[in-house]
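These are the residues of each chain, in order.
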Amino acid sequence: MRKRTTVCSHSDCEEPLQFAGLCSEHYEEHQEKRRRRDAALQALHQGQIDGRLPDDQELREELQKLRCWWDRACLSVNHHVQDNILQDEAPYALEWCISLAQEIVVSERASRAGQPDSGAFTSTREWVWKRFSNLQAGYMSNGVKRPAK
Ligand SMILES: [Zn+2]
């Protein structure tokens, strides 16, 4: 059944429309996601978080390493050339980079504010780096051997 168009388009939400087809709460959530993504993209493209390099040395190095993967994946996707490590997973690699960069932004901001790091950071970090290390070892990102051609 089609939802009435006078309510929020978020599933299971019946709140009245505010902006862009969403209620004010879901619109705010949507904006927050976009801000997180934009900050991650700035980190990936320019190596900067809120206008400057990460102060934290480890985060700076991690971001640098991540940006190498980002560049490879962008090159492959934008120019439709297969990268010999990422192969057909380049489009996914872009999303992994963005997810991890979002976490790096959160960590760096916490560090700048003198706050403790959030726990979620570690699992995303491990997950993404595991995928890249599988690829680097010549496997698919999930660790499975590539089918013979
Ligand atoms: Zn809503």
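Note that the structure is a prediction, hence the values are computed from the model and not measured.

**Q** Hey, could you run me through the coordination of the zinc ion in this one?
**A** Six octahedral donors around a metal ideally subtend angles of 90 or 180 degrees, whereas four tetrahedral donors ideally subtend 109.5 degrees. Those donors, Cys8 (SG), Cys13 (SG), Cys23 (SG) and His26 (ND1), are the protein atoms that reach the zinc ion, and they lie 1.9 to 2.3 Å from it. Geometry at the zinc ion is tetrahedral, judged from its four donor atoms and the angles of 107 to 112 degrees they form at the metal. Taken in chain order, the donor set of the zinc ion reads C-x4-C-x9-C-x2-H. In this pair, Cys13 is assigned in the segment before helix 1 (24-46) and His26 in helix 1, connecting sequence segments 13 residues apart. On the basis of relative accessibility, which here comes to 6%, the residue Cys13 falls in the buried class. A relative accessible area of 12% means that His26 is categorised as buried.

**Q** Help me out: how do you make sense of the packing of aromatic side chains in this one?
**A** Each aromatic ring pair is described using two quantities: the centre-to-centre distance and the angle formed by the ring planes. This model, assessed by the stated rule, comprises five aromatic pairs. Look at Trp96 and Trp127: their rings are 6.3 Å apart centre to centre, the planes differ by 85 degrees, and that puts the pair in the edge-to-face class. Linking Trp96 in helix 3 (residues 90-112) with Trp127 in helix 4 (residues 120-136), this pair joins segments that are 31 residues apart in sequence. The partly exposed category is assigned to Trp127, whose relative accessible area is 40%. Connected via pairs of aromatic rings, a cluster forms that spans Trp69, Trp96, Trp127, Trp129 and Phe132. Over the face of the ring belonging to Trp129 we find Lys65, whose NZ or CZ atom lies 4.5 Å from the ring centre.

About the criteria used
- Residues numbered from 1 in each chain as written.
- Predicted model: local features only at pLDDT ≥ 70, side-chain atom pairs only at ≥ 80, totals over all residues.
- Heavy atoms only, no water.
- Donors = N, O, S within 2.8 Å, 3.2 Å for Na, K, Ca; no water.
- Tetrahedral: all angles 85-135°; square planar, octahedral: opposite > 155°, others 65-115°.
- Helix = DSSP H or I, 4+ residues; strand = E, 2+ residues; numbered from the N terminus.
- Buried < 20%, exposed > 50% of the residue type's maximum accessible area, 1.4 Å probe, protein only.
- Phe/Tyr/Trp six-rings, centres within 6.5 Å; stacked < 30°, edge-to-face > 60°.
- Lys NZ or Arg CZ within 6 Å of the ring centre and 35° of its normal.

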